[in-house]
Amino acid sequence: MESNGSNAKDAKSASDEEDSGDRVQQKTREDILFHEETIDLGGDEFESEGNETISEDSNNFIDKLNEQMMESVIISDSPNNSEDDTGELGCLQEIVEQMEAKDNQKTAAEVSKEAFLSNESETEHEETPKDISEIGTDDQASLKEESIQEAVKEELKLINSIPVERRPNNIDESKPEDPISLPSTGKPTPEAEPIPVCTIFSQANNVNTQPQLFLHDGFEPQMVKSPSFSSIIETPVKSNPQVVQPSPSLSKFFGDTVNTNTLASDFFDSFTTSSFISVSNPNASSSVPEQMSSISSTGDSSHASPDPTFSVGNGRTEAGGPPNSLEISQSPKPFSQIQAVFAGSDDAFATALNMSELDRRNDAWLPSEETRNVLISVATQQYSTVFIDKDNLTMPGLKFDNIQGDAVKDLMLRFLGEQAAVKRQVLNANSVEQSFVGLKQLISSKNWRAAVDLCGRLLTAHGQGYGKSGLPTNHTTDSLQLWFVRLALLVKLSLFQNAEMEFEPFGNLDQPDLYYEYYPHVYPGRKGSMVPFSMRILHAELPQYLGNPQESLDRLHGMKIVCTKILENLEQGLAEDGSMTNIAQENRQASVQLWRSRLGRVMYSMANCLLMMKMEKSTELPSQTAATLEACFTFDCEFSLALSDYVLAVDAYHTVIKYYPQQEPQLLSGIGRIFLQIGDIKTAEKYFQDVEKATHKLDGLQSQIMVLMNRAFLHLGQNNFAEAHRFFTEILRIDSSNAVANNNAAVCLLYLGKLKDSLRQLEGMVQQDPKHYLHESVLFNLTTMYELESSRSMQKKQALLEAVALKEGDSFNTQCLKLG
Amino acid sequence: MDVNQPKQEHLLALKVMRLTKPTLFTNIPVTCEERDLPGNLFNQLMKDDPSTVNGAETLMLGEMLTLPQNFGNIFLGETFSSYISVHNDSNQIVKDILVKADLQTSSQRLNLSASSAAVAELKPDCCIDDVIHHEVKEIGTHILVCAVSYTTQMGEKMYFRKFFKFQVLKPLDVKTKFYNAETDEVFLEAQIQNITTSPMFMEKVSLEPSIMYNVAELNTVDTAGERASTFGSRTHLQPMDTRQYLYCLKPKQEFAEKAGVIKGVTVIGKLDIVWKTNLGERGRLQTSQLQRMAPGYGDVRLSLETIPDTVNLEEPFDITCKITNCSERTMDLVLEMCNTNSIHWCGVSGRQLGKLHPSSSLHLALTLLSSVQGLQSVSGLRLTDTFLKRTYEYDDIAQVCVISSEVKKES
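On a predicted model such as this, the values are computed, not experimentally measured, just so you know.

Scoring rules and cut-offs
- Residues numbered from 1 in each chain as written.
- Chains lettered and ligands numbered in written order.
- Predicted model: local features only at pLDDT ≥ 70, side-chain atom pairs only at ≥ 80, totals over all residues.
- Heavy atoms only, no water.
- Helix = DSSP H or I, 4+ residues; strand = E, 2+ residues; numbered from the N terminus.
- Buried < 20%, exposed > 50% of the residue type's maximum accessible area, 1.4 Å probe, protein only.
- Contact = heavy atoms within 4.5 Å.
- Areas by Shrake-Rupley, 256 points an atom, 1.4 Å probe, with all protein chains shown as cover.
- Pairing = 2+ DSSP bridges.
- Axes fitted to C-alpha atoms, helices over the stretch in contact; angles between N-to-C directions.
- pLDDT = per-residue confidence, 0-100.
- Arc of directions from axis to C-beta.
- Polar contact = N/O pair within 3.5 Å; in protein donor to acceptor, adjacent residues only side chain to side chain.
- Parallel < 35°, antiparallel > 145°, perpendicular 65-115°, else oblique.
- Nonpolar A, V, L, I, M, F, W, Y, C, P; charged D, E, K, R; others polar.
- Salt bridge = Lys/Arg side-chain N within 4 Å of Asp/Glu carboxyl O.
- Phe/Tyr/Trp six-rings, centres within 6.5 Å; stacked < 30°, edge-to-face > 60°.
- Core = buried A, V, L, I, M, F, W, Y, C linked by side-chain atoms within 4.5 Å.
- Expected span 1.5 Å × (residues − 1).

## Points about the overall build of chain B
Counting secondary structure elements, chain B contains three helices and 33 strands. Split into buried and exposed, the 411 residues of chain B put 56% on the buried side. For chain B, the share of sequence-separated contacts (at least 6 apart) that also reach a separation of at least 24 residues comes to 69%. As displayed, chain B offers around 16,700 Å² of accessible surface, 49% of which is attributable to carbon and sulfur atoms.

## A word on the sheet that holds strand β30 (residues 374–378) of chain B
Residue and element names in this part refer to chain B. Read from one edge to the other, the open sheet built from three strands follows the order β24-β33-β30, with strand pairing classed as mixed. Lying at the two open borders of the sheet, with one neighbouring strand each, are β24 (310–312) and β30. Pairs of neighbouring strands in the sheet enclose a mean axial angle of 40°, with direction left out of account. Alignment of β30 against strand β33 (residues 398–403), held across five bridges, turns out to be antiparallel. From the neighbouring strand, Val-378 faces β33, where its bridge partner is Ala-398.

## Re unusual backbone geometry
Residues and elements named next belong to chain B. Although it is not a glycine, Met-240 adopts a positive phi angle of roughly 70°. For Met-240, the position within the fold is in the loop between β18 (236–237) and β19 (242–251). We classify Met-240 as partly exposed; its relative accessible area is 46%. In this structure, Lys-389 takes a positive phi of about 55° despite not being glycine. Note that Lys-389 resides in the loop between β31 (381–385) and β32 (390–394). Take Lys-389: its relative accessible area is 68%, and that puts it in the exposed class.

## Regarding the confidence of the model for chain A
Note: predicted coordinates in regions of low pLDDT should not be interpreted at a detailed level. Residue and element names in this part refer to chain A. When pLDDT is averaged across chain A, the result is 64; 52% of the residues are at 70 or more. Low pLDDT (under 50) marks residues 1–214, which in the prediction has 410 contacts with non-local residues, meaning those over four places away or in another chain. Contacts from residues 616–643, a stretch scored under 50 in pLDDT, to residues over four places away or in other chains number 43 contacts.

## Some details on helix α14 (residues 436–444) of chain A
Regarding α14 of chain A, the residues found buried are Phe-436, Gly-438, Leu-439, Leu-442 and Ile-443 of chain A. The buried residues of α14 of chain A all sit within an arc of 155° when viewed along its axis, so they share a single face. Buried residues in α14 of chain A make contact with α15 (448–461) and α16 (477–492) of chain A together with α1 (41–48) of chain B. Where α14 of chain A starts, the residue carrying a side-chain oxygen 3.2 Å from the main-chain nitrogen of Val-437 of chain A turns out to be Ser-435 of chain A.

## What about the packing of helix α24 (residues 681–694) of chain A against helix α25 (residues 700–717) of chain A?
Residues and elements named next belong to chain A. Axis separation between α24 and α25 bottoms out at 10 Å; the angle between their running directions is 170°. With respect to α25, the axis of α24 lies roughly antiparallel. Across from Ile-681, Glu-685, Phe-688, Val-691 and Glu-692 in α24, the residues of α25 making contact are Met-706, Val-707, Asn-710, Arg-711, Phe-713, Leu-714 and Gly-717. A breakdown of the residues in the contact of α24 with α25 according to their chemical character gives seven nonpolar, two polar and three charged.

## Regarding the pairing of strand β27 (residues 343–346) of chain B
All names here are of chain B. Side-chain alternation along β27 places Ile-343 and Trp-345 on a buried face and His-344 and Cys-346 on a face that remains uncovered. As defined by bridge partners, β27 adjoins strand β29 (residues 361–370) across four bridges and the pair is classed as antiparallel. Each residue of the ladder has a partner; that of Cys-346, found in β29, is Thr-367.

## Here we look at the pattern of salt bridges
One pass over the structure, following the stated rule, counts 32 salt bridges over all chains. With a shortest N-O distance of 3.0 Å, Arg-760 of chain A and Asp-757 of chain A are connected by a salt bridge. Taken together, the positions of Arg-760 of chain A and Asp-757 of chain A, both in helix α28 (residues 755–768) and three residues apart, correspond to about one turn of that helix. On the basis of relative accessibility, which here comes to 32%, the residue Asp-757 of chain A falls in the partly exposed class. Between Lys-204 of chain B and Asp-272 of chain B there is a salt bridge, with its nearest N and O atoms 3.4 Å apart. Pair noted here: Lys-204 of chain B is in strand β14 (residues 200–209) and Asp-272 of chain B is in strand β20 (residues 265–276), with a separation of 68 residues, a long-range link. Judged by relative accessible area, which is 35%, Lys-204 of chain B ranks as partly exposed. Shared partners join several salt bridges into a network, and the residues in it are Asp-359, Asp-363 and Arg-526 of chain A together with Arg-35 of chain B.

## Let's talk about the sheet that holds strand β5 (residues 79–88) of chain B
Residues and elements named next belong to chain B. Strands sit in the order β1-β5-β9 across an open sheet of three strands; the sheet is antiparallel. Only two strands of the sheet have a single neighbouring strand rather than two, namely β1 (12–18) and β9 (127–135). Shown here is a sheet whose adjacent strand axes are inclined to one another by a mean of 20°, direction ignored. Pairing between β5 and β9: nine bridges, direction antiparallel. Its bridge partner being in β9, His-87 is matched across the sheet by Cys-127.

## A word on the packing of aromatic side chains
Residue and element names in this part refer to chain A. Using the criterion set out here, one finds 19 aromatic pairs over all chains in the structure. Aromatic side chains Phe-533 and Trp-595 sit 6.0 Å apart centroid to centroid with 85° between the ring planes, which places their arrangement in the edge-to-face category. Of the two residues, Phe-533 sits in helix α18 (residues 533–545) while Trp-595 sits in helix α20 (residues 585–615), which places them 62 residues apart along the sequence. Overall, Phe-533 belongs to the buried group, its relative accessible area being 6%.

## Notes on the nonpolar core
Ranked by size, the top nonpolar core spans 178 residues in total, and within it Ile-443, Met-535 and Trp-595 of chain A together with Phe-42 of chain B carry the most contacts. Considering each element in turn, this core owes the most residues, 14 residues, to α20 of chain A. With sequence-adjacent residues up to four places away left out, Phe-42 of chain B is seen in contact with Ile-443, Phe-484, Val-485, Ala-488 and Leu-489 of chain A together with Val-30, Thr-31 and Cys-32 of chain B. Counting 53 residues, the second largest nonpolar core, distinct from the first, contains Met-158, Leu-172, Met-202 and Tyr-245 of chain B.

## A short note on the confidence of the model for chain B
All names here are of chain B. On average, residues of chain B score 86 in pLDDT, and 93% of them are at 70 or above. Strand β4 (residues 74–75) holds the highest mean pLDDT among the elements of chain B, 93, whereas helix α3 (residues 405–410) holds the lowest, 64. When the criterion is pLDDT under 50, residues 1–7 qualifies, and its contacts beyond four places in sequence or with other chains add up to seven contacts. For this predicted complex, the interface confidence score (ipTM) comes to 0.79, while the overall pTM stands at 0.67.

## Structural notes on the pairing of strand β13 (residues 186–194) of chain B
All names here are of chain B. With respect to burial, β13 is a largely interior element, eight of its nine residues being buried. Bridge count between strand β12 (residues 172–180) and β13: nine bridges; the pairing is antiparallel. Within β13, the position partnered with Asn-180 by the bridge is Val-186. As paired strands, β13 and β19 are joined by eight bridges and run antiparallel to one another. The residue bridging Val-186 from the neighbouring strand is Leu-249, located in β19.

## Considerations on the environment of Val-131 of chain B
Mapped onto the secondary structure, Val-131 of chain B falls in strand β9. Those residues in contact with Val-131 of chain B that sit more than four places away from it in its chain are Leu-750, Tyr-751, Leu-752 and Gly-753 of chain A together with Leu-19, Ser-82 and Tyr-83 of chain B.

## Structural notes on the environment of Asp-241 of chain B
Following the sequence through the fold, Asp-241 of chain B ends up in the loop between β18 and β19. Those residues in contact with Asp-241 of chain B, other than ones at most four positions away along the chain, are Ile-192, Gln-193, Asn-194 and Arg-234 of chain B.

## Things to note about helix α23 (residues 664–678) of chain A
Note: α-helices contain 3.6 residues per turn, so residues at a spacing of three or four share the same orientation. Taking 1.5 Å of rise per residue, the 15 residues of α23 of chain A would be expected to cover 21 Å, and the 21 Å separating its terminal C-alpha atoms lies within 8% of that figure. Once α23 of chain A finishes, Gly-679 of chain A follows within two positions and takes phi at roughly 95°, a positive value.

## A few points about the environment of Val-215 of chain B
Assignment of secondary structure puts Val-215 of chain B in strand β15 (residues 213–217). Excluding its chain neighbours within four sequence positions, the residues that come into contact with Val-215 of chain B are Leu-207, Pro-209, Tyr-247, Cys-248 and Leu-249 of chain B.

Okay, here's the thing in structure tokens:
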């Protein structure tokens, strides 16, 4: 450490520079690899507080750099970008202020100075003043004017006041001789006592000189240092502020910007002002084909999709079966009255049906009590009016017309020119048959954006198009399947906000008009939910991608209850919905199998969601959360409230194994990787050993690969990249097309300092089978290495773009090419 | 305004990338059932996706490694690793290339380059690669200074440098508290808080005692022969969470005997903390020597060796005291026993205990009885040093529960 004397000397030289007006700001922007690094050469920041803005002409002084400046390198404290810095800082300060206010305790802000780096040793390397300027010229092109925040003093103040801890218990009686005990020690004060701040390099005299400022709870701050660090600790180090910058997760990195369209309601007047409307079944008399091909030939609605003929005001509809068309009421009866009217047994109804086994098994769902009552009333009172609150109806509509076309093509236009872009040919919604066949074609060719578009068209034909949200409509098996596909694709495209918008009218997927019983004339005798089970899963999983895993867990828990109940019903010899239908043994068996696998799927989602929670790096787990989590799992496994989400995720995956025993080796490996990720190598190893015992469930080759893969990961966890590389390479020996092993071996090579070899491996892999290996993770690694390799990464990235253009559909995530 | 500073294109390009551990790619599983519109299309798409787990596509956490996307945070005690690549961007051979990587901290400058030898020549489109590692030992600003010097074909000597600055943050907050037991044992309570933003796996938190003490870690519970951690199955520490570790330190026999030795400020030992984060990224820190002020006992220390916890009313009971000379001189002691309103001493008051040398001790058996029920304080011992005519008073040396003898019989 430097003495005060040398500090003073440097400070003097710094002010000299200030006088002469030589203020040189150097900023080395190192593309993405190192973010924007800000290096300030020049001492004027030394004692400045507040913000320092680089003047426009700061570059003009590059030529005036002299050797003296090189000696003193002052570092600005803005880590990556100045806005973040101040943001975080502001936040921190607020917390501190709150704490101070709470404790009525003013902590002294020790004014110490920004760490000052003097590098006398460097002078020997300076050959000419000219050299110095080259630091700048090298990156001249990317120099940008940007203000740099200097907040040294505030930050230092923070250091001295951050960890103020409140301890309610006073347990000091037993240590009467505490050298730094204070008047309050031993006195049983019920209030919390703040204790001194702990800086890592707190000095002993710190405690002695300012003890009266702090009440003491008996805990002492401890100096923490690296074990091998001996020489410097004796002197107080001017610690720098800790501006913790959460590193964005991968999902954030690849995140798509979401386009939001204006609400449909802006364009359409509200349909009714009354909250009660009458509902009719427009197709009541016409038989609607239930086959999936029903919306086949055109997008025009004449045949397949029924007109949205909902009547308001007068009860007669053109298409409708007059007897059961339901009338709007100006003075609706209270719901209790309706219930009274329609109170009846459903047995007659249930037994009268002859549903196909498969339909019953698949569509079964348990509606909520309220929905159930409405459905019973619809079934039993065909000649009277059923009043349904508008809020209880599902009125979906497209919320946006068209999601932006082909990002690959846009990039080609930008980087490769029009000529190249013309060559890019992908299917779009127009180039395929306007039917389910065309839709599947788009999906399998990975043109999901176009597929979303086509779903939209088919839904428009069904009367649920753009702007139709909030308008009464009717549902069919097909319309719900179309919604499912559209929403699933939006999720696959990471357009979560869009998916959420369009999911919103569906509520909790339990409204009466989403059940077959609601349309007795369209689907005579059919029971259960029109909503595909997979759509429920999608609906439940969605909130976790939008930062609300709690909601996801709640929804999944709800699904789990229904699945469990259905399985219970089946075990008790009832039908799925609890009715007394006779089911043949083999059908019952098939149904149990189906619902067990569905329950397993729900558990899978729960486990994934719990795992995501930890990846989101959520810093706090509110007590309410913990309670919810516990509620989720008391069924299957026992654990206490205090356990954290990792443990929950692992337990949930264990539960999944019960439902999918054939996936045991994969799941155990997955759990092992979870432990690797948190750094618990020992437990990971234990799981990997369990995998080796369970691999008989796989075929020989697959089990061999899995064992090798896990061993490689274990070496990775032990920082042994060479061994990890050896195992990944071994996998390639038995399965040369293994993408994961290929990619991972290349990553290991980079860590071993073999950039060129690593690049060769990845490039070889991409060229060998571009159809499979143009995966975003592989391309991301490749572009990162290109950036590291040379200044000409742009050309290589563009070559990748061309390769992508040939093979990939419009759903390709172009972010991984980092063409920015 | 680079008028008199002609722009100089360097033939070599220097690129640096911090090598944090790679991360595992996570995918977004979207599944459907056979009877749904897409049939098995969604499931097939997931099967074809190389980032999913073969046979368990719904599992989010895949096996594909991705390179670090940003610099991330670096904490004291962790290892800073970085890739340094010098690439010949030109179409000519460059000679005598010397790449030097130094790390400048607030107190020192370290050379991190693996080799200091110059590379004789570098062909176009070739690289000089180096991976540097450095265990971070200081908090605050660090600057990685990479200097490259080389000679062009024309024989011109060229030189450039690049700076990369990063902040080293503090990962843990450690607080300690000592409890002194009557028996010379010292209990240490250490609170360790994770002040990073990611979970930490605490691999090891141990107390390395100083030579005077033996340590027993009290962080496991013996249940059915298995030592289970007091923290349960939760092996990691969430951000901002604090764990409390407990240690019991016993002075070693040779030091315990010489009572005078453990006096004043003593060094207890230091905490050694090893943690791991993402994919086994390791960090290790030690606290400075923990110090405690041993309780001062004055010149003469009187401590209790044995005492019953419960005694009968008005029945004599025995206690054993240990008297230690903590001063530097020999003492000649006289013991007086003064009754209080509940405690009555038996035996002769004012008896000579004889000479007591520095750091030596003697044991004393005393008999007393209590005339009052309840929790009674043993008080009233007086030691007088006849050399200096100084009297030391010992009150409240222990408490004893006094019950009526009938109650005891019943129970």
